[in-house]
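In case you want the letters, here they are:
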Amino acid sequence: MKEILLVCGGGASSGFLAQKMNEAAKANGIAAHVEAIGESEIEDYIDDKELVMVGPHLKYLEDDLKEILDEYEVPFTFIPQEYYGALDGASTLQYGLDILNK
């Protein structure tokens, strides 16, 4: 099971996207679980996660995120704006899986 953590400012918009990603995983028989949180909660939810995907509007936090996530040895990426803005769960899930499979 691939464990992915989505991060946005308050967790609301990423919550909708996580739901759509989980639906896409289920529909396609992909063993993945996506959870959404606000950026201030990262260290509370990072355990057992394989990838952190961050909303594009938080790009200004890149250095802080790198510092935190390097400690946990968890890779992170910013979600492409076109996927995030459209709440495109299937494309966002595939983007994350592609990173995990590199």
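Our subject is the structure listed above.
Below, the structure is looked at part by part. This structure is a prediction, so every number in the text was calculated from the model and none was measured.

Thresholds, definitions, all that
- Residues numbered from 1 in each chain as written.
- Predicted model: local features only at pLDDT ≥ 70, side-chain atom pairs only at ≥ 80, totals over all residues.
- Heavy atoms only, no water.
- Helix = DSSP H or I, 4+ residues; strand = E, 2+ residues; numbered from the N terminus.
- Polar contact = N/O pair within 3.5 Å; in protein donor to acceptor, adjacent residues only side chain to side chain.
- Contact = heavy atoms within 4.5 Å.
- Salt bridge = Lys/Arg side-chain N within 4 Å of Asp/Glu carboxyl O.
- Buried < 20%, exposed > 50% of the residue type's maximum accessible area, 1.4 Å probe, protein only.
- Pairing = 2+ DSSP bridges.

**Comments concerning the side chain of K49**
- With respect to the secondary-structure elements, K49 resides in the loop between α2 (42-45) and β3 (51-54).
- Separated by 3.5 Å, the side chain of K49 and the backbone oxygen of Y45 make a polar contact.
- Excluding residues that lie within four positions of it along the chain, K49 makes contacts with E3, I4, L5, E35 and V74.

**What to know about the pattern of salt bridges**
- Counting across every chain of the model gives 4 salt bridges.
- A salt bridge links E50 to K2; its shortest N-O distance comes to 3.9 Å. Taken together, the residues span a long stretch of sequence, with E50 in the loop between α2 and β3 and K2 in strand β1 (residues 2-8) at a distance of 48 residues.

**Observations regarding the pairing of β1**
- Along β1, 5 of the 7 residues are buried, which leaves the element largely enclosed by surrounding structure.
- Of the pairings in the sheet, the one linking β1 to strand β2 (residues 32-38) comprises 7 bridges and is parallel in character. For L6, the partnering residue across the bridge sits in β2 and is A36.
- Bridging between β1 and β3 involves 4 bridges; their strand directions are parallel. Bridge pairing in β3 places L5 opposite V52.

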